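Read off the chains here:
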Amino acid sequence: MTPAQQQYRAKRVYEVRSQKDGRELRLSDRLVELGEKEFNWYEKVAAWLPSVRGLADLSQELGMDEAKVPRFIEALEKSGLLYRTNDAGKALTGLEFHAKFSSVLSSWISEAFEHPFWERMMSGKGSARLFTGWLIELYHYTKNANRHMPLSCAYAHEKPIKQLRAKHYAEEWNHYHYFMKSLKALGFTEPQIAESVPLPMTLALSNFMRQAARRDILAYSICSAVLEGTTTDRGTYSPYYQKSADLYGVPKEAIAPIFAHLDLDVQYQHSDLFREILEKVPEMSAERASLVLDYGHQLVEHIWLWTDNIEKYYEVESNLVPRRPFDVLFD
Amino acid sequence: MSALASTQAQSRSADLPLLKRTVTVVRQNGHVALRHLREEVMLEGAAAQLFNKIEPELDGKTAMSAIADKLAEKPARLKALLDQLAKVGVLAFLSSKDDGALLTGMEFYALHRERCLYWLQDVYRHPLWEKIVTGKASRAQVVGFAFEKYHYIEAAFEHMGIAAANSSPEMMPHLARHFIEEYTHGDIYRKGLRSLFADDVILHSQPLPSTRALVNYLNESAGRSSFAYYAGNELLQMTENTGDAQAGQAVDDFYDAMRKHYPYTNKLIDSFIAHTKADQHLGHADAFLLMCKSVPPLTRREVNDALNVAKNMAEHLVLFMDGIDTFYGRFGTVPRLPCDIESE
């Protein structure tokens, strides 16, 4: 690896928009405009950084004199598109970490929900079947809190944090009843839903939370905070539920329990829990902070693929709803 | 004919006929076609007429004698048709009593193989294979495919380690041997990836959520039930053990097409082939057979548990393919590096 490859990494770009004379790149804290040629160069540099190719290769690919390449890389750094890896070396307090998390949360949430499923549902191109599928998977996801929340208590070694996690669990453990109520209003029976099998990505969400719980209580807590961040206020979800009800003939009785659940979450102020936990953390090493942040972002990607899995399964008319387990006698 | 069908056709206490839920009934020109898994049974003439008459009663709740009485049918005639349907696997006989042990390990082995071959069809039909073979896959999808395979194989450390550490006494020698034989295989893939990326980058790269889902499902199953875990793992193993000539040729054709369209993957493909050969050399194809020979007879609950894990594993494998296809298709960054405090 060349010194530049060891020194630099690309910042996460959340969105690239085409413009008249180039592209607009959205980072968590700024917009960067590049001409078409510069954007092309930037993409080549970003792909070259983790590779085993030398500087001469990059210079040839860019059609740029080798001596000028380091200057171009520095210019990318100044624009915010690249950063130096040794910048990430300082320890920080729990509250400093929370400030960092808060600064990226809205970018993360928009990344999690930029799946085309949402636009499809809101524009009337979805279906009652897709709405029902989403609700069934939400039921499983909420019920599966019982697979990871108590585990996080078991693996939280410090008393104040253990206490906060346990309180959260006590407030959340039976919230799946709200979704059961909605599904009953849609005509399903309780055994049909309770005995059904979640999609692989629904199960994956709770398995990932279990992985986080075993790894580091802050890694678990950031995932929990991302999930709570999706329901901070009614504004995030209300339009989706309301519009779906109108577009796909979902009865009011099926929507009311969902709003009751959202209101309860807001009432408990669960979105403040991560901050309360981080107040108990006097110092985090840079390595720990990176690990925790990384778990949070992985959860964001899980949500995106979860949505994808729901859409792909429930849009196929011949697929069973709800999904039942295999039985050697019946199947 | 499935092992279960043959066992049940012979059971005297089981006399509640049930048309399996997974059977599709198609009627055309007086004929009745019963489709189940990859098989089709055709009934004609009197047999088709009798089937049409009794189908609503094949709910697993009504005894054969009661059906004969209700429909004024000769019991012997009815039994003859139902026995034939059970023999070809489209009908089961339930029992009003608890049957206790249901299958021997070897009967389970046959049933597992039959079902897994069926469940794996969705994996083999996944559009990503076609995209790679025809050169339509993007660079991110192709290199991403290699990275995700690496992560999955490297995860032997996790699930095989957890499985061995939580094994039941009869399963321990098999699971210990499997871990010891497999834990270095991730390095075979890593060697291929090193032709394109720095070693440090490969070691710190991050799997897709869908790959993580597959690995975590293996981990969770491994910690819960040795036998169910291995029934699921065997399904994955069946995709690697291309011992028979036809399947082996299909794999060779795939790699040839990949080399042609994506010349930069030459060393990656060498590593894929080296891994397949290493697996075949170890004779993993026989490991599950040996396990099934050594387990005591299985109850319905145990059979269902193990087969549900195998079925879920097939679904996770489809998800694994979907992740590579969809995620790398939409987000072209590869390799995927973990966040640090400055990257966001």
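As the structure is a prediction and not an experimental result, all values here were calculated from the model.

Okay, the overall build of chain B next. When helices and strands are counted, chain B shows 18 helices and seven strands. Its C-alpha atoms give chain B principal-axis dimensions of roughly 75 × 50 × 45 Å. In chain B, which comprises 344 residues, the share counted as buried stands at 43%. For chain B, the share of sequence-separated contacts (at least 6 apart) that also reach a separation of at least 24 residues comes to 79%.

So, on to the overall build of chain A. A count of helical and extended segments in chain A gives 17 helices and five strands. Viewed in the frame of its principal axes, chain A has a C-alpha envelope of about 70 × 50 × 45 Å. Sequence-distant contacts, at least 24 apart, represent 76% of the contacts inside chain A between residues at least 6 apart.

Looking now at the interface of chain B and chain A. Taken together, the contacts link 40 residues of chain B with 39 residues of chain A. Looking at the side of chain B that touches chain A, the elements with two or more residues in it are β5 (91-95), α13 (209-224) and α18 (300-330) of chain B. The leading source of residues in the side of chain B that touches chain A is α18(B), at 13 residues.

Moving on to the domain arrangement of chain A. Residues and elements named next belong to chain A. Taken domain by domain, chain A consists of domain 1 (3-88) and domain 2 (94-314). Taking the mean C-alpha position of each, domain 1 and domain 2 sit 35 Å from one another. Each partner contributes residues to the interface: domain 1 has four residues there, and domain 2 has six residues. Of the residues belonging to the side of domain 1 that touches domain 2, the class tally is two nonpolar, one polar and one charged.

Residue and element names in this part refer to chain B. Strand order in the open sheet formed by three strands is β2-β3-β4, and the pairing between neighbours is antiparallel. Two strands bound the open sheet, and with one partner strand each, they are β2 (24-28) and β4 (39-43). On average, each strand axis in the sheet is tilted by 20° relative to the strand beside it, whichever way the strands run. In this structure, strand β3 (residues 31-36) lies alongside β4, joined through five bridges in antiparallel fashion. Bridge pairing links R35 to E40 in β4. The strands touched by helix α2 (residues 45-54) are β3 and β4; relative to β3, the strand with the most contacts, the crossing angle is about 70°.

As a further point, take the domain arrangement of chain B. We note that the domain assignment places domain 1 (3-95) and domain 2 (102-330) within chain B. Summarising the inter-unit geometry, the C-alpha centres of domain 1 of chain B and domain 2 of chain B are found 37 Å apart.

A word on the confidence of the model for chain B. Residue and element names in this part refer to chain B. Taken over all residues, the pLDDT of chain B has a mean of 90, while the share at 70 or more is 93%. Per-element mean pLDDT across chain B ranges from 45 in helix α1 (residues 3-10) up to 98 in α13. Here residues 1-12 scores under 50 on pLDDT; set against residues more than four positions off or in separate chains, the count is 30 contacts. What the predictor reports for the complex is a pTM of 0.90 with an ipTM of 0.93.

With 98% of its residues at a pLDDT of at least 70, chain A reaches an overall mean of 94. No element of chain A has a lower mean pLDDT than helix α14 (residues 234-248) of chain A, which averages 81, and none a higher one than helix α12 (residues 200-215) of chain A, which averages 98.

The subject of this paragraph is the sheet that holds strand β4 (residues 31-35) of chain A. Residue and element names in this part refer to chain A. Read across the open sheet, the three strands follow the order β2-β3-β4; overall the sheet is antiparallel. For this open sheet the edge positions go to β2 (15-18) and β4, each flanked by a neighbour on one side alone. Neighbour-to-neighbour, the strand axes of the sheet open up by a mean angle of 25°, direction not taken into account. Of the strands in this sheet, β3 (22-26) and β4 are in contact with helix α2 (residues 36-48), which crosses β4 at around 110°.

All names here are of chain A. Looking at the secondary structure, you find Q192 in helix α11 (residues 190-194). Using a count of 15 C-beta atoms within 10 Å as the deciding quantity, one classes Q192 as partly exposed. For the pair Q192 and R324, spaced 132 residues apart in sequence, the C-alpha separation works out to 8.0 Å.

Another point: α12(A). For an α-helix, 3.6 residues make a turn, and residues three or four places apart therefore share a direction. Counted at 1.5 Å a residue, the expected span for α12(A) with its 16 residues is 22 Å, and the 22 Å between its end C-alpha atoms agrees. Across the 16 residues that make up α12(A), a large majority, 14, are buried.

Ranked by internal contacts, the top residues of the largest apolar core, which has 162 residues, are A:I222, A:C223, B:L91, B:L193, B:L214 and B:A310. Aside from chain neighbours lying at most four places away, what touches B:L193 is B:A146, B:F147, B:Y150, B:I202 and B:L268. Within the second largest apolar cluster, 13 residues are counted, among which are A:W41, A:W48, A:L58 and A:L81.

A few words now on unusual backbone geometry. Omega for the peptide link from A:V321 to A:P322 comes to -5°, which places this bond in the cis form. Note that A:P322 resides in the segment after α17 (286-314). Geometrically, the link from B:V334 to B:P335 is a cis peptide bond, its omega value of 0° lying close to zero. Of note, B:L37 is a non-glycine position whose phi angle comes to about 50°, a positive value. Following the sequence through the fold, B:L37 ends up in the loop between β3 and β4. A positive phi angle, near 50°, is found at B:A72, a position not held by glycine.

Cut-offs applied
- In this convention, every chain numbers its residues from 1, walking through the sequence in written order.
- Written order determines the labels here, with chains lettered from A and ligands numbered from 1.
- Local features in this predicted model are restricted to residues whose pLDDT is 70 or higher, and side-chain atom pairs enter the listing and the counts only when it is 80 or higher, whereas totals over whole chains, interfaces and linings include all residues.
- We count a stretch as a helix when DSSP gives it H or I for four or more residues in a row; a strand needs E for two or more, and each element gets its number in order from the N terminus.
- Exposure classes come from backbone-placed C-beta atoms, where a residue is buried if 20 or more other C-beta atoms lie within 10 Å of its own, exposed if 12 or fewer do, and partly exposed in between.
- Contact between two residues is assigned whenever their backbone-derived C-beta positions fall within 7 Å.
- For every domain, the bounds stem from an assignment made automatically or drawn from a database.
- Residue polarity follows a fixed list, in which Ala, Val, Leu, Ile, Met, Phe, Trp, Tyr, Cys and Pro are nonpolar, Asp, Glu, Lys and Arg are charged, and the others, Gly among them, are polar.
- Strand pairing is assigned whenever DSSP identifies at least 2 bridges connecting the two strands.
- What counts as an axis is a line fitted to C-alpha atoms, over the stretch in contact for a helix, and the angles between N-to-C directions run from 0 to 180 degrees.
- Confidence scores per residue from the predictor, reported as pLDDT, run from 0 to 100.
- To estimate the expected span of a helix, subtract one from its residue number and multiply by 1.5 Å.
- By convention the nonpolar core is taken to be a set of buried residues drawn from Ala, Val, Leu, Ile, Met, Phe, Trp, Tyr and Cys and joined through C-beta atoms within 7 Å.

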